[in-house]
Structure formats: structure tokens, C-alpha cells
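What follows is the residue order along each chain.
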Amino acid sequence: MVLAGCNSAQPKTIAPAIDSTAIIYKLINGDQKHSQLDTFFQHRFKDGVFSGCVLVAQRGVVLYEKSFGWRDHEQRDSLTLDCSFQLASVSKQFTAAAIMLLRQQGKLKYSDSPEKYLPGFPWSGITIEQLLTHRAGLDKYTNICDNYFRQQKIDEPPVYTNDSVLALMKRLDVRAAHAPGEKFDYSNTGYVVLASIVEKISGQKFCDFMQANFFIPLKMTHTWINTDGKDHPGKTKGYFKQWSWWQDNFLDGVAGDKGVFSSVEDLFKWDRALKNGSILKKETLAEAFTGHSPDLLKKKNQDYGYGWRILSFDDGAKSVFHNGWWHGYTSAFYRGISDDVTIIILCNKFNKGIYYPRPILEILGAHVMPLPVDEKDSDSVSEGGKP
């Protein structure tokens, strides 16, 4: 076979490899930004006040990453960058991703009712999209379960799962808090239902589905869901004030709204996978980053898509983010879609100050959040969970 344009008499010249990371780092003034970020974090997160890991990147290049504090305060075991933290409500983006993948594969429609997959589902007139966007009107399962066992005077309830939560709510004939589609009402219960739908369609445990379709393909080796029953050496302990340890309780066996453990470096792999469309197509993600709650937008200058809060700026730029709070853990994951900036802060000692990344965004020269995010409505799962 003769290949046109090929001259075998001429030796091949191999061009030297180009380090694109180094070029980008220089173009974005990486040294200066690293220094400013280090000054900011060292000043803001003094020893004993902050315990967690941070990663800040721009245009796919990590500018700053560091660990502060203790994985296990009692044992004086220091945190490292590969330690895994309970993501709390930041987990919702993974649940949404599972639903989006099934939809991308043609296995469900956003307009489907949960009843199609969960026989006996007790609430009618709800769609999967309303569950994704917190517009289904379901009541709060954490309060219902807590109140039930408190009324029964049971100090140590059995470990609950998604199935047992939904079964209890059905047995108690819990009514919807409001009509489906009426308004945005942040709902952990909705994401529990979504995880259950993933299990029914896939025939796999939710934790196994996520490993097979996301965590393993992306080499997120320090990421898992708390319900897998395995021992994970890098798991951190969660603390509240004065290093008071939050022990696991009966609602830690419920997943979808929370339950994902991950590290900052694994979340950066996830960030790049979203940027590159390596698992979820870009058109699929475009739907996820489209707001569905103009009532929320009017009230808080933000919107909500599928597992992400959305900020849209006057010049057309867009950012997405989510915060979390559960058993002392606080987490913040901010992605500037237009600016290509990534801020990941995972804490195992309660610190709601991480929810406001404006100073970091100013250092990066990116679009800044116009207002602090109110964590009360809530990017958190209740700090309760004890009857």
C-alpha cells in the first residue's frame, strides 16, 4: 500500500513534548495566585479552628491544595489530601448524575412518575424532574423519622435504609407538604426517592451502581457511598464544637441525599469529567445546569438545576455550586463554568464559613457570588438525627 504524501527517505522528526499545564500556570499568574491563596488560607484557617482539605484550580490547573487539622482528633492523626470526607448534600450531584445517565441511556424520562418504578409509591402527581429540582413537595424524612422514634421513646432505633424510610412514611400516611410544582422547597426526601429509582432500574445497590458507572471509570479511588458496608482506612471522623465527635446514627444508612465520601483530589477528577463530558454528554449537563425555579431566582439571585445550585451573571457567565452539612462535616464545591475555576473545601469539623468563596474568587479574578449563601434552606441535612 502506498500512502500519499509519505516520504520514507526522510527521517521522522519528533517534536518535543509541550507541557501545557506549565504554560497555562504561567498565563494565569499561578505563582502569584498560589501565594495569595496560601496567605488567605493560613490566615483564615488557623490551627484548631479549621480541620479539612482544600483544592483550588483554574483552567484545569491546580493552584493550591493543602490539608489542615486532624483526621482523628483523639488519636492526633493528621489529615492528608487523600482522606475522605462525608460530602453531605454535595452528594446530591452524584445522585442526579445517576438519574441523568439512566436517562441518557434511554432507561427513564424526566417526566416519568416515581410510581412507574416504585410500586406503591404513596404520593401521586410527581415527576422525576420535580424530585431533581426540589419541586415535588415531599415532607422532610429526617424530621419524620426523628419524631417517630422520639414519640416511641426508642433511644437507639434500628439502622434505616432508603426502603425503610419510605415504608415508614407510607405507614404513617405522611402527606405531601405542598402540591407538586407549586414552589421550590429543598428536599432531602426527594433525593432518597431518586436513589431508590436508580436501584430499581439498574437492579444494583445504589453504592454499586455509582462505583461501576462513575467512581471506578474515573479512578476516584478514595470515593464511596457510606452504605457499602466496607472499611475505608482514609475515612475521617466528623466533629462539632470543641472537637465533640458526632457518632454515626440510624439515618447514616440512608443515601442519595447524602452518604458519598470523597477526597478533594477525587472531586477534582469529577470536576474535569464534567468539564470534558467524559461520562455525561455535554448536552445532558446543559440540562442539569438550567434553572427550574424562577421563584428561587427572584428571592435569592440563584436557581436550581439537577443537583446543583446555579448563579447567572449579567454578562452571561454561569457558575454552579453546592454546599453540605451532616454530623459536623461541612463541604463546599464551587465550579465557575464560564471562568473554569474550581473550589473544593471539605471539613470534618463544623465550619459554615466555607460556604462563601467570594475572597477566593477575587484572588482568581473570576466572577464573584453576589450574596452569601444561606445554608438554612438548606444545603445541609439536619444536624439532628438523634431521637
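Below you will find a few notes about this structure. Just so you know, these numbers come straight off a predicted model, no measurement behind them. (Residues numbered from 1 in each chain as written. Predicted model: local features only at pLDDT ≥ 70, side-chain atom pairs only at ≥ 80, totals over all residues. Heavy atoms only, no water.)

This paragraph deals with the sheet that holds strand β11 (residues 329-336). Ordered in space as β2-β1-β12-β11-β10-β9-β8, the seven strands form an open sheet in which the pairing is antiparallel. The sheet is open, and its two edges are formed by β2 (61-68) and β8 (303-304), each paired on a single side. Pairing of strand β1 (residues 52-58) with strand β12 (residues 341-347), which is carried by seven bridges, proceeds in the antiparallel orientation. When the sheet's bridge partners are listed, glutamine 58 is paired in β12 with valine 341. (Pairing = 2+ DSSP bridges. Helix = DSSP H or I, 4+ residues; strand = E, 2+ residues; numbered from the N terminus.)

Moving on: the packing of helix α6 (residues 162-171) against helix α7 (residues 188-202). At a minimum axis separation of 10 Å, α6 and α7 run at an interaxial angle of 120°. Classed by the angle they form, the pair α6 and α7 counts as oblique. Between α6 and α7 lies a crossing whose hand is left-handed. Across the interface between the two elements, Asn162, Asp163, Leu166 and Met169 from α6 touch Thr189, Val192, Val193, Ala195 and Ser196 from α7. In terms of residue class, the contact of α6 with α7 is made up of five nonpolar, three polar and one charged. (Axes fitted to C-alpha atoms, helices over the stretch in contact; angles between N-to-C directions. Parallel < 35°, antiparallel > 145°, perpendicular 65-115°, else oblique. Left-handed = near helix turned anticlockwise from the far one by under 90°. Contact = heavy atoms within 4.5 Å. Nonpolar A, V, L, I, M, F, W, Y, C, P; charged D, E, K, R; others polar.)

With that settled, the discussion passes to unusual backbone geometry. Phi at arginine 59 takes a positive value of approximately 55°, unusual for a residue other than glycine. Position of arginine 59 among the secondary structure elements: in the loop between β1 and β2. Look at arginine 59 and you get partly exposed, because its relative accessible area is 41%. (Buried < 20%, exposed > 50% of the residue type's maximum accessible area, 1.4 Å probe, protein only.)

Opposite charge on two side chains lets them pair, provided their charged atoms get close. Under the counting rule described, the total for this entry stands at 13 salt bridges. A salt bridge links lysine 237 to glutamate 74; the nearest nitrogen and oxygen atoms lie 3.0 Å apart. With lysine 237 in the loop between β6 (224-225) and β7 (260-262) and glutamate 74 in the loop between β3 (70-72) and β4 (77-78), this pair connects stretches of sequence that are 163 residues apart. Lysine 237 gets classed as buried once you look at its relative accessible area, which sits at 18%. For glutamate 74, a relative accessible area of 42% gives the class partly exposed. Residues arginine 175 and aspartate 173 are paired through a salt bridge, measuring 3.1 Å at the closest nitrogen-oxygen approach. Via salt bridges that share partners, Asp271, Arg272, Arg335 and Asp340 belong to a single interconnected network. (Salt bridge = Lys/Arg side-chain N within 4 Å of Asp/Glu carboxyl O.)

A few words now on the packing of aromatic side chains. For the structure shown, the criterion picks out 22 aromatic pairs. With a centroid separation of 5.8 Å and an interplanar angle of 80°, the aromatic rings of phenylalanine 214 and tryptophan 270 are classed as edge-to-face. In this pair, phenylalanine 214 is assigned in helix α8 (residues 206-215) and tryptophan 270 in helix α9 (residues 264-276), connecting sequence segments 56 residues apart. Sitting over the face of the ring of tryptophan 245, lysine 237 holds its NZ or CZ atom 3.9 Å from the ring centroid. (Phe/Tyr/Trp six-rings, centres within 6.5 Å; stacked < 30°, edge-to-face > 60°. Lys NZ or Arg CZ within 6 Å of the ring centre and 35° of its normal.)

Here arginine 71 is to be found in strand β3. In this structure the side chain of arginine 71 is engaged in a polar contact, spanning 2.7 Å, whose partner is the side chain of aspartate 77. Among all residues touching arginine 71, those that are not within four sequence positions of it are Asp77, Ser78, Leu79, Cys83, Pro233, Gly234, Lys235, Thr236, Lys237, Tyr239 and Asn348. (Polar contact = N/O pair within 3.5 Å; in protein donor to acceptor, adjacent residues only side chain to side chain.)

Time to look at the pairing of β11. Within β11, eight of the eight residues are buried, leaving the element largely enclosed by the surrounding structure. Burial of the side chains of β11 extends over both faces: Tyr329, Ser331, Phe333 and Arg335 are buried on one face and Thr330, Ala332, Tyr334 and Gly336 on the other. Sheet topology places β11 next to β12; seven bridges connect them, and they run antiparallel. Its bridge partner being in β12, alanine 332 is matched across the sheet by isoleucine 345.

Attention now moves to the packing of helix α5 (residues 141-151) against α6. Packing of α5 against α6 leaves a shortest axis separation of 11 Å and a crossing angle of 70°. As summarised for this structure, α5 and α6 are arranged roughly perpendicular, according to the angle between their axes. The segment α5 lies against α6, with Tyr141, Ile144, Cys145 and Tyr148 engaging Val165, Leu168, Met169 and Arg171. Looking at the contact of α5 with α6 residue by residue, the class counts come to seven nonpolar, no polar and one charged.

A word on the pairing of strand β10 (residues 318-326). Within β10, eight of the nine residues are buried, leaving the element largely enclosed by the surrounding structure. Sheet topology note: the strand β9 (residues 309-312)/β10 ladder contains four bridges and is antiparallel. By the bridge assignment, leucine 311 is partnered in β10 with serine 319. Joining the antiparallel neighbours β9 and β10 is a turn of five residues, in which glycine 316 adopts a positive phi near 95°. Two strands pair when backbone bridges link them, and β10 and β11 are joined in this way by eight bridges, in the antiparallel orientation. In the strand pairing of β11, valine 320 is matched with arginine 335. Linking β10 back to β11 in an antiparallel pair, the connection comprises two residues, with histidine 327 at a positive phi of about 55°.

This part is about the sheet that holds β7. An order of β5-β7-β6 is seen for the three strands of this open sheet, with the pairing classed as antiparallel. Across the chains shown, the open sheet's two edge strands, defined by having one partner strand only, are β5 (85-86) and β6. Of the strand pairs in this sheet, β5 and β7 are connected by two bridges, and their pairing is antiparallel. Bridge pairing links glutamine 86 to phenylalanine 261 in β7.

Purely geometric numbers; function is a separate question.
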